[in-house]
Each structure stands twice: as structure tokens, then as C-alpha cells.
Amino acid sequence: MREVHYKRDLNSNYMILTDERTDDNSYEERMITENRIQGLLPCVTQRREKNTEYYYEITGKQSMTLLYERRKMTYDQLLELLKGLWKILENAEEYLLGADHFILEPEYIYLHTKSEKPCLCYYPAQEKNIRESFLSLAEYLLGKLDRSDTAGIEFGYDLYQRAMEPNFSLREILQRYNPVEEKQEEEPIAIQTVSEQPSVQAQTLEKTGSWKNFFRKKPKKPRMEDYVEEAERLGSGSVLFLREQGAPKETMCLAEPRREGLTLKNQDGEYPDLHVTEGPYLIGKRRDNVDGCIPAPTISRIHARITKQSAQYYLEDLNSTNGTWADEVQLNPYELCPLLDGMQIRFAGASYVVEV
């Protein structure tokens, strides 16, 4: 089983793979450590008494597994990913690097957080046929496609079926789906005649989305009976004070039930509090891809994650650019840190206190 762990130093984050062999430098090792090959994770090695450690720099990147944990892949994203993989394989051939040493498992494929261009891990100790590796990757990609994207689904199934063929060629399928674009002549601007003017109904429909918006009733004001019903449904200590008919007016108070889970209370009030009931709970500034959004420029798009094991919550940094701290101790990427009541947590420049 491949041994992997992570480490952060002053300026960089590393994924570390351990090879039990301690032989002299191989050709592949010299190539990846002495050259900066486009599309490969930068690598340095440290030779120990019983093994060799490969340090792959992953700063500013996140694994494919993490980026597509909460989102689906479109046709365009799949096409760009495959074009990037093909370019990396081409670059490797120029350095006479065997393709069987690439790790094509999604957790080892890293994407730039902004451009989402892929970077591959070239591991000399990896011995798996590239066709088998790519078939497993194609199966993973098929499961990540957006089901509403017909073109993407067709492309994904075609890719998977062709990957099972003994003479599969990634280059051929890319040429089929990404032909050289020819310069198209500019189409004449269509002149809209009076008869072609959209009707008032069509214009209104375009702006509002539906005629129902005109006739939709305004939400009715909540009644006291609704509050009573909600309080009875919630139970667990909810208290409702009502005044009897004809009695003097009294203050009515609906006490909120005690919230279960864990809360991260923002210390300066600049950012929202984060309430976690179950894991995994993703934290970052990419609102459409996380559970708790911290809209700060120093926060990574997907910055950290909180998980729950039995009754214990754990915090881990997800290879963020500016780091995560627990009681002023910086966490290594993917290091599990148990969260305790009153603990001081800092995501880059955003400070929180743990409330259990």
C-alpha cells in the first residue's frame, strides 16, 4: 500500500510519498528532480536509511477529489481536463519518462485553483499499466458528469467505452471531439421586421420568468397558531407564553430550542458564524462549493473541512494557501485536529472560537 502524508513549511505545502527502495538515483528520479517539466508536480527527494521520500509541491493546488466533491463536471471541463492530461503525457515523452509511472488516481491529480489546469504526480515506484490507470480514471469521471449536460454524458460514455479497447488512443478521441476550429465567416446581422417584434406577453415572460408572478398571492402573515404548531413540533424545551383572551397584554416570547452540533463564533463579527451538525462540512470562499462561506480575500476557495467521528469533531486544513491554526499552532495539510470547547481557530486572517 502506498504511504502518503503531508507537510507544510514556511512557504510551501508538500505531498510526501515513501519508496522502500534506497538504490542510487534512477533516471526517472533525476529527470523529475533536476527539471521543471510542465504539468508535473515539482519534486525533490530525501534519502533515508531505509527508504526514499518524494516531496511533491502542491502549493496553490487542490486535488480533483476535493474540487469535485460537491460539484459536477461539464462537457467543456471534461474536454479541457483531457487536453491537459494529453499535453502532460506529451511533455513526459520528450524526457523519456515512462507513462506507467504516472499516478492517475483522482486524489493524486492536482488542479490549479484558478485555472483548474491539471498537474500529475510522476512516481518512479509506481508500476501500473497506463491503460489500466486511465480506465479507472475514466470510470471516476463518468460518475462526476452533470446529468443535465447531454453532450458531456455522451462524451463521457464514449470515452469510457473506448478506454476499454486495447488500441485506445486519447489523442484520437480528442481530435474527434476537439477538431481544429476553422475561421467562420461573419453572419449578416438579421434585421427584425415589425411583424417579428416580440409581443408584450413574451417580453414580460422574459423579464419575470412566468405569468404566475403577476397573480401570485402575497405571503400571508404568520398566525399565532402557526408558531404554536412549530413549537410543539420542535419540542426539546421550546416555551411559548400566551395571554388569555381579555387578559392584559403581556410580552410573548418564543424561546429557541438548543441547537445541536458545534458552532464556530466569529470573534470580530466581520464574518458569519459557522454552525456544524454533521460532517463533512467544507469551509472556504467559493460559495457554490462549500457549506460555510467566509468571504475574505485571504481565504482559499476550499480552505478547510470539519468532520465528525462518533461524538468528536475534527478540523483539517485542505492545502490552503494561507493556512489554518488551532490555538496558534499551524496545521499541516490534511492533519486531523480534534475541536474542543473554547479553542481558538484561525482560517488565514479570520478568527473563530469553538462553542460545543
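Residues numbered from 1 in each chain as written. Predicted model: local features only at pLDDT ≥ 70, side-chain atom pairs only at ≥ 80, totals over all residues. Heavy atoms only, no water.

Looking now at the sheet that holds strand E2 (residues 13–19). Within the open sheet, the 4 strands sit side by side as E1-E2-E4-E3. Their pairing is antiparallel. Either end of the sheet is taken by a strand with one partner, and the two such strands are strand E1 (3–8) and strand E3 (43–47). Looking at each pair of strands side by side, their axes are set apart by 25° on average, direction ignored. Bridge analysis of E2 against strand E4 (residues 52–57) gives 6 bridges, and the strand direction is antiparallel. Considered in E4, the bridge of Thr18 is made with Glu53. (Pairing = 2+ DSSP bridges. Helix = DSSP H or I, 4+ residues; strand = E, 2+ residues; numbered from the N terminus. Axes fitted to C-alpha atoms, helices over the stretch in contact; angles between N-to-C directions.)

Take the pairing of E1 next. Here 6 bridges tie E1 to E2, and the two strands are oriented antiparallel to one another. In the sheet register, Arg8 faces E2, and the bridge partner there is Asn13. Taking the residues that link successive antiparallel strands as the turn, the E1-E2 hairpin has 4 residues.

A few words on the confidence of the model for the chain. Considering every residue of the chain, the mean pLDDT works out to 82; 76% of them sit at 70 or more. Helix H8 (residues 212–215) is the least confidently modelled element of the chain, averaging 39 in pLDDT, while strand E9 (residues 121–122) averages 97, the highest of any element. Contacts for the low-pLDDT stretch residues 181–219, under 50 throughout, to residues beyond four places or in other chains number 12 contacts. (pLDDT = per-residue confidence, 0-100. Contact = heavy atoms within 4.5 Å.)

With that out of the way, let us pick up the environment of Lys61. The residue Lys61 is located in strand E5 (residues 61–63) in this model. Here Lys61 falls in the buried class, since its relative accessible area comes to 9%. (Buried < 20%, exposed > 50% of the residue type's maximum accessible area, 1.4 Å probe, protein only.)

Our next topic: the state of the cysteines. The full count for this structure, using the stated rule, is 0 disulfides. Cysteine Cys43 remains unbridged, with the sulfur of Cys121 as its closest cysteine sulfur at 7.4 Å. You can call Cys43 buried: its relative accessible area is 5%. (Disulfide = S-S within 2.5 Å.)

A separate point is helix H6 (residues 170–177). Along H6, the residues that are buried comprise Leu170, Ile173, Leu174 and Tyr177. On an axial view of H6, the arc spanned by its buried residues comes to 100°, and they lie on one face. Relative to its buried face, H6 has exposed residues pointing more than 90 degrees away, namely Glu172 and Arg176. Elements in contact with the buried residues of H6: helix H3 (75–94), helix H4 (130–144) and helix H5 (150–163). (Arc of directions from axis to C-beta.)

Turning to the pairing of strand E12 (residues 281–284), a few remarks are in order. Burial of the side chains of E12 extends over both faces: Tyr281 and Ile283 are buried on one face and Leu282 and Gly284 on the other. Bridge count for E12 against strand E14 (residues 304–309) is 3 bridges, and the pairing is antiparallel. Note on E14: the bridge partner recorded for Tyr281 is Ile306. Pairing geometry for E12 and strand E13 (residues 292–293), over 2 bridges, is parallel. The partner of Ile283 across the bridge, within E13, is Gly292.

Attention now moves to the packing of H3 against H4. It is the contact of H3 with H4, at a shortest axis distance of 13 Å, that shows an interaxial angle of 165°. Relative to H4, the element H3 lies roughly antiparallel. Pair H3 / H4 crosses with right-handed handedness. Two secondary-structure elements touch here, H3 through Leu78, Leu81, Leu82 and Leu85 and H4 through Phe134, Leu137 and Leu141. For the contact of H3 with H4, the class distribution of residues is 7 nonpolar, no polar and no charged. (Parallel < 35°, antiparallel > 145°, perpendicular 65-115°, else oblique. Left-handed = near helix turned anticlockwise from the far one by under 90°. Nonpolar A, V, L, I, M, F, W, Y, C, P; charged D, E, K, R; others polar.)

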